[in-house]
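The lines below spell out each chain.
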Amino acid sequence: MGTPVFVLAGLLVHCVFLASIFDIYFTSPLVHGMTPQQTLLPSPAKRLVLFVADGLRADSLYELDSNSTPRAPFLRQWAVNISSRRWRQENSAWSILENNGSWGISHTHVPTESRPGHVALIAGFYEDVSAVAKGWKENPVEFDSVFNESRYTWSWGSPDILPMFAKGASGDHVYTFCYTAESEDFGTQDASRLDTWVFDHVKSFFNSSRNNQTLYSALNEEKVVLFLHLLGIDTNGHAHRPNSREYKENIRKVDEGVKEIASMLENFYGNDGKTAFILTSDHGMTDWGSHGAGHPSETLTPLIAWGAGVNYPQRVASQFFEDNFLKEWKLENLKRLDVNQADIAPLMASLIGVPFPLNSVGTLPLEYLNNSAYFKAESMFTNAVQILEQFKVKMTQKKETTLSFLFMPFKPLSDSEQINLLKKTRLYIQQEKYDEAVSLCKALIILALEGLSYYHTYDRLFLGLSIAMGFVGWTAYVILVIIKTHTNLTKAAQSHDKESTILLYCFAFVGMIIAFFLLIQMCPWTYYVYCLLPVPVWYAVVKELHIIQDLAANLLSLHVGRSMGFLLVCALGIETLVFSFFYRSTLTVGLLVFAGWPVITQLWVRAKTTALIWILLCVLLAIFPLMPVVGREPNIPLVIAAGLLTLLISCSFLASLCKSKNKYMNNEDLIVQFYQMLSIALSTYVVSSTHNSLQNKQGLPVLNQIISWTTLVSSSVSPLLSPTFLFQRLFSILLSLMSTYLLLSTGYEALFLLVLSGLMFVWINMEQEALQHYSFSRKPKLAVFNFSYATDIMQFRQLHLDDVRRSFFFVFFIVTAFFGTGNIASVNSFEPASVYCFLTVFSPFVMGGLLVLKVVIPFVLVSCAFEAVQVTTQLSSKSLFLIVLVISDVMALHFFFLVKDYGSWLDIGTSISHYVLVMSLTIFMMLMNGLAQLLTTKRLELSRKTKHHFT
């Protein structure tokens, strides 16, 4: 297999491996074809008002300030001793928690983002990860919602949230009023104005309805929903963090706005007592102003309900929860009613008497309802039937696409058991045994949800084994390619055309059998890819059987102890890499071991100065994984220090070049060097200036924004204008990337990149010493080594065991680049402030792209250093890269088996991101190999003058 074909095949195989987990673990849970289910009894409320305070943490709303005063006096009660009794008497009647409603914590699901949070609230189901990844404003799958089932829904708020529920609705009865996307600016005035905009427009809307008879009549209909999406708290949290004055003050403003809207609506409807109110949040936020993962600060959100059909506060002497929140919040005597986020959708449907959303998996929280036992039992029965309908449709679909003798039904909920449970429940209701009926309904819901999960994951084992076989086969094939083409361990292959033909026919027959079974079961086309992929992969492995035989013979001739020791060290190294994904401190241990490498191998005897610098930089780099995740506390002075230190190093490097006897730089090269130094200086200034401007709430200066984007664009071109001599080109790459990285930095990560790049330069020198130490070839002079000439080298040496160590170093440095300053496998490690030099207006894809670029920059530096190691040690880029591929694939196979969709939300999110990260890393390394060659070998000439370099 030629190199281009091999690379293409590798990319395709790994793309299949990456996509497979979304088909195996995270496919859409939605099914279609159910009939709507609703309680026919009169509903307690004619209208529902839903307030969603985006990004509001439960503790931020419920806890008291340091002076024992509430942040939201209208919503929570004044339950502490205060000096002003008059204030308490005047305001206690308005305190919802104390006098009017029920409260609790809504437990959200991962990913804790706005779109899936709102879908869970309003549609009652948890979106799968692949659907969430397709965007905020579009509907990857059509779904039912409380808004769709309502007679009319009017909504006000963000253009990122409201349109998807209008688009998903049938007919023209969901209306949206949005401010512009440019209003979502993290850097200018207080973001609470977004919430003020919503409150003001709701008031204007109702005032104008008095002069519009059609609108007035519609507002007085039953089954009406008013949705107020309040984004200010989330925006202030990103910009200033949840413990900031701005975030807490925004909560007070929301509290005041909710109070005004509630009062206005009561007056508008003549205090008819038919309005139900719910206030909650889509997700919380970490202390450092981010969300997306499963930290309790992200998954615990407030839920407060009051008004028509909602229970009044329930006083209790004591109540037990594993957390200590009740005592901290001074709410021990008011009953706390916790729910899952998806439970809020059936609660809203029950309050206004609309059908439960068809795909809702929420269980109606009866304790929030203030109604008769009969109403609660009927509502619970409807809830159970609605979820059972989904189970029946899912079962039918799976039964129709599976051969009858292979189909294994969900035994705990057979057809007879369904009929029995439904009849029994209906009988209990008729006999007015409502508690027993509710208990049976809850049991039926649990069984139906288990059955839904069973059929949803029905093919998981089958598909997982197929992918695992493909993984193992591909890794075995790559090892065989390494042994065959880059070592002397095997003899020349003998041609066996007849045996190859028979082998081809056998594997083709196996492939046809697999395809036939998939066809008659009407499986999706992706199943063909996953199940047929192992066939050609294992054919390629079995075809090289003679290599396996030669390898086995060679291994038997070696010393058993040495062979086992080598395999043990390899296994330990890979397990260390896997372990570092869970514990960053593992990288510290690894770097300290690396520091001892020159001493263990006696390399320090040959190059004491280089070895000492290596040890020093390894120890310095080992400090970073022990530090807090970057972004928790911004430290702009460290970024400025990194910029100034880079300038100082640049001046020293330039001076050393000018003093050298051989002139490698002409005037044009000096211009490029000075421009890159100017970019570093400007980036340092922009970071400082932007931070000060945002602190003063003056927004992002336009000049700073122009400089930032110009630097980003120019940094991708400027390295190609520099000489291709090894250290000059690598230093030019460092300056270009460093200028962009400074703009994306908020703390010590800028120093991390500087130390990492320094270690990469020393690594190149150390590998030269190791090359001569093992007497592989003559040590080339790095000072005059030219990347452009290296591409013409025709004689590459064969691989040695020490090259496995080189490849492992590369993978370890890549992992260190990823995790050295934070756990990028967790979404909430990202710091939104990192992109404020480029933009402050909310734009998820641009911001996400910039954050990805920040992650990639250390990767590029390590890849370029690895490219230098390859060419200076006279190894083909393919040979070392194949070893890297094997190491990465073994890691990926670990994480494939560690992926889970059960357990804690943090475990689920972490398992997904680890696998996606390693697979993306493998795919990305294939692409980065080409990018590194481009950055190191290609040069753009500023003029047509012929340059003469002396070597």
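Along each chain, numbering runs from 1 in the same order as the chain's sequence is written. This being a predicted model, a pLDDT of at least 70 is required before a residue's local features are given, and a value of 80 or more before pairs of side-chain atoms are given or counted; all residues contribute to the totals for chains, interfaces and linings. Each side-chain value is derived from all of the structure's non-hydrogen atoms; neither hydrogens nor water enter the calculation.

## Overview of the overall build of the protein chain
No. 1: Note on conventions: DSSP H or I runs of at least 4 residues are helices, E runs of at least 2 residues are strands, and numbering of each starts at the N terminus. Helices and strands together make up the secondary structure of the protein chain, namely 38 helices and eight strands.
No. 2: Only protein chains enter the area calculation, which uses a 1.4 Å probe; residues under 20% of their type maximum are buried, those over 50% are exposed, and those in between are partly exposed. Per-residue burial over the protein chain gives 56% buried out of 951 residues.
No. 3: Any two residues whose heavy atoms approach within 4.5 Å are treated as being in contact. When contacts within the protein chain are restricted to residue pairs at least 6 apart in sequence, long-range pairs at least 24 apart make up 79% of them.

## A word on the sheet that holds strand E8 (residues 339-340)
In any sheet, the strands associate via hydrogen bonds between backbone groups, in a parallel or an antiparallel arrangement.
No. 1: Strand order across the open sheet formed by eight strands is E4-E3-E5-E1-E6-E7-E2-E8, with mixed pairing between neighbours. Of all the strands in the sheet, the pair left with one neighbour each is strand E4 (174-178) and E8.
No. 2: Only strands that DSSP links by at least two bridges are regarded as paired with each other. Judged from the five bridges that link them, strand E3 (residues 152-157) and strand E5 (residues 224-230) form a sheet pairing that is parallel. Bridging from a neighbouring strand, Ser155 pairs with Phe227 of E5.
No. 3: Axes, fitted as lines to C-alpha atoms, cover a helix only where it is in contact. Angles between the N-to-C directions of the axes lie from 0 to 180 degrees. Contacts from helix H9 (residues 193-209) reach strand E1 (47-53), E3, E4 and E5, with the element oriented near 155 degrees to E5.

## Here's the deal with the packing of aromatic side chains
No. 1: We call Phe, Tyr and Trp rings a pair once their centres come within 6.5 Å, taking the six-membered ring for Trp, and we label the pair stacked below 30 degrees between planes, edge-to-face above 60, and tilted otherwise. On inspection of all chains with the given rule, the structure shows 59 aromatic pairs.
No. 2: For the pair Trp597 and Phe809, a centre-to-centre distance of 5.2 Å together with 75 degrees between the ring planes defines the contact as edge-to-face. Highlighted residues: Trp597 in helix H26 (residues 597-600) and Phe809 in helix H35 (residues 801-819), separated in sequence by 212 residues.
No. 3: Looking at Phe809, the relative accessible area reads 4%, which means it is buried.
No. 4: By way of ring pairs, the aromatic residues Tyr152, Trp154, Trp156, Tyr175, Phe177, Phe205, Phe206, Tyr216, Phe268 and Tyr269 are connected into one cluster.
No. 5: Over the ring of Phe809 we find Arg805, and its NZ or CZ is 4.9 Å from the ring centre. Note on geometry: a ring has a charge over it if NZ (lysine) or CZ (arginine) is within 6 Å of the ring centre and within 35 degrees of the ring normal.

## Section: the packing of helix H25 (residues 585-595) against H35
No. 1: Direction vectors running N to C along H25 and H35 enclose 140 degrees, while the axes themselves pass 11 Å from each other. Relative to H35, H25 is oriented oblique. Viewed along their axes, H25 and H35 form a crossing whose handedness is left-handed. On H35, the residues that touch Leu587, Gly590, Leu591 and Phe594 of H25 are Phe808, Phe809, Phe812, Phe813, Val815, Thr816 and Phe819. By the definition adopted for this analysis, an angle is roughly parallel if under 35 degrees, roughly antiparallel if over 145, roughly perpendicular if from 65 to 115, and oblique otherwise. Each helix crossing is assigned a hand: it is left-handed if the near helix lies turned anticlockwise from the far helix by less than a right angle, otherwise right-handed if that turn is clockwise.

## A few points about the nonpolar core
Across soluble globular proteins, nonpolar side chains have a tendency to be buried as a group.
No. 1: Nonpolar cores are built from buried Ala, Val, Leu, Ile, Met, Phe, Trp, Tyr and Cys residues. Side-chain atoms within 4.5 Å join them into one set. Trp614, Trp763, Phe813 and Met891 are the most contacted members of the largest nonpolar core, which has 148 residues in total.
No. 2: Ranked by residue count, the leading element in this core is helix H36 (residues 844-872), at 16 residues.
No. 3: Once residues within four sequence positions are removed from consideration, Trp763 is found in contact with Trp614, Arg805, Arg806, Phe809, Phe810, Phe813, Ala865, Phe866 and Val869.
No. 4: Within the second largest apolar cluster, 68 residues are counted, among which are Phe391, Ala437, Leu452 and Tyr455.

## Observations concerning helix H30 (residues 667-695)
No. 1: Here the expected length of a helix is defined as 1.5 Å per residue gap, with one fewer gap than residues. With 29 residues, H30 extends 42 Å from end C-alpha to end C-alpha; this agrees with the ideal 42 Å at 1.5 Å per step.
No. 2: One or two positions beyond H30, positive phi appears at Lys697, with a value near 60 degrees.

## Quick word on the side chain of Thr684
No. 1: One can find Thr684 in helix H30.
No. 2: Contacts of Thr684, omitting those with residues within four sequence positions, involve Ile640, Gly643 and Leu742.

## Section: a nonpolar patch on the surface
No. 1: Residues enter patches when they are more than 30% accessible in relative terms and free of salt bridges; like-charged ones are connected within 9 Å and nonpolar ones (Val, Leu, Ile, Met, Phe, Trp, Tyr) within 5 Å. Per-residue and other accessible areas follow the Shrake-Rupley method at a 1.4 Å probe size, with only the shown protein chains counted as cover for residues. Only one rule defines a salt bridge in this text: a Lys or Arg side-chain nitrogen within 4 Å of an Asp or Glu carboxyl oxygen. On the surface, a nonpolar cluster with roughly 800 Å² of combined accessible area is contributed by Phe405, Leu406, Phe509, Ile513, Phe516, Phe517, Leu519 and Ile520.
No. 2: Within the secondary structure, Ile520 sits in helix H20 (residues 497-520).

## A few points about the environment of Met395
No. 1: Along the chain, Met395 turns up in helix H16 (residues 373-400).
No. 2: Each C-alpha atom of the pair Met395 and Tyr455 lies 6.5 Å from the other, and the pair is 60 residues apart in sequence.
No. 3: In contact with Met395, other than residues within four places in its own chain, are Phe407, Asp415 and Tyr455.

## Remarks on the side chain of Asn359
No. 1: Structurally, Asn359 is set in the loop between helix H15 (344-352) and H16.
No. 2: A polar contact of 2.9 Å, which involves the side chain of Asn359, links it to the backbone oxygen of Val31.
No. 3: Once residues lying within four places of it in the same chain are set aside, the contact partners of Asn359 are Leu30, Val31, Met34, Ala123, Gly124, Phe125, Asp144, Gln386 and Gln390. Under this definition, polar contacts are N or O atom pairs within 3.5 Å; protein pairs additionally need one hydrogen-donor-capable and one acceptor-capable atom, and for neighbouring residues in sequence, both atoms have to be side-chain atoms.

## What to know about the environment of Leu358
No. 1: Residue position: Leu358 is located in the loop between H15 and H16.
No. 2: In this structure Leu358 comes out as partly exposed when scored by relative accessible area, which is 21%.
No. 3: Distance in space between the C-alpha atoms of Leu358 and Met34 is 6.7 Å, their sequence separation being 324 residues.
No. 4: Apart from the residues lying within four places of it in its own chain, the contact partners of Leu358 are Met34, Thr35, Pro36, Asp144, Gln386 and Gln390.

## Regarding the pattern of salt bridges
No. 1: Within this structure, the stated rule accounts for 23 salt bridges.
No. 2: Between Asp323 and Arg336 there is a salt bridge, with the nearest N and O atoms lying 2.9 Å from each other. Of this pair, Asp323 sits in the loop between strand E7 (300-307) and helix H14 (325-329) while Arg336 sits in the loop between H14 and E8, and the two are 13 residues apart along the sequence.
No. 3: Judged by relative accessible area, which is 28%, Asp323 ranks as partly exposed.
No. 4: On the accessibility criterion, Arg336 (5% relative accessible area) is buried.
No. 5: The residue Arg426 makes a salt bridge to Glu378 at a minimum N-O spacing of 2.8 Å. With Arg426 in helix H17 (residues 415-430) and Glu378 in helix H16, the pair connects residues that are 48 residues apart, well separated along the chain.
No. 6: Residue classification places Arg426 among the partly exposed residues on the basis of a relative accessible area of 27%.

## A short note on unusual backbone geometry
No. 1: Backbone geometry places Lys330, a non-glycine residue, at a positive phi of 60 degrees.
No. 2: Along the chain, the position of Lys330 falls in the loop between H14 and E8.
No. 3: A residue is classified by how much of its surface remains accessible, and Lys330, at 40% relative accessible area, is partly exposed.
No. 4: In this structure, Met522 is a non-glycine residue whose phi angle is positive, near 50 degrees.

## Remarks on the packing of helix H21 (residues 525-532) against helix H22 (residues 534-543)
Two numbers describe a pair of packed helices, the interaxial angle and the distance between the axes.
No. 1: Running from N to C, H21 and H22 point in directions that differ by 15 degrees, and their axes come no closer than 5 Å. The pairing of H21 with H22 is recorded here as roughly parallel in orientation. Contacts between H21 and H22 involve Tyr530, Cys531 and Leu532 from the former and Pro534, Val535 and Pro536 from the latter.
No. 2: The residue classification treats Ala, Val, Leu, Ile, Met, Phe, Trp, Tyr, Cys and Pro as nonpolar and Asp, Glu, Lys and Arg as charged. All others, Gly included, are polar. The class makeup of the residues in the contact of H21 with H22 is six nonpolar, no polar and no charged.

## A look at the confidence of the model for the protein chain
Regions with low pLDDT carry predicted coordinates that are not meant to be interpreted in detail.
No. 1: Here pLDDT means the predictor's own confidence in every residue, given as a number from 0 to 100. Of the residues in the protein chain, 86% reach a pLDDT of 70 or more, and the chain-wide mean stands at 83.
No. 2: Counted against residues more than four places away or in other chains, residues 132-137, with its pLDDT under 50, gives 14 contacts.
No. 3: Confidence drops under a pLDDT of 50 for residues 944-951, and excluding neighbours within four residues, the segment shows eleven contacts in the predicted structure.

## Some details on H9
No. 1: The terminal C-alpha atoms of H9 lie 24 Å apart, and with 17 residues this matches the ideal 24 Å at 1.5 Å per residue to within 8%.
No. 2: Considered for burial, the residues of H9 that qualify are Leu194, Asp195, Val198, Phe199, Val202, Phe205, Phe206 and Ser209. The buried residues of H9 occupy an angular sector of 145 degrees when the element is viewed end-on, so they sit on one face. The directions from the helix axis to the C-beta atoms form the arc being described.

## Topic: the pairing of strand E2 (residues 101-107)
No. 1: Of all seven residues making up E2, six are buried, and the element is well covered by its neighbours.
No. 2: Relative to E7, E2 runs antiparallel, the two sharing seven bridges. When the bridges of E7 are listed, Trp103 appears paired with Ile304.
No. 3: As judged from the two bridges shared by E2 and E8, these two strands associate in the parallel manner.

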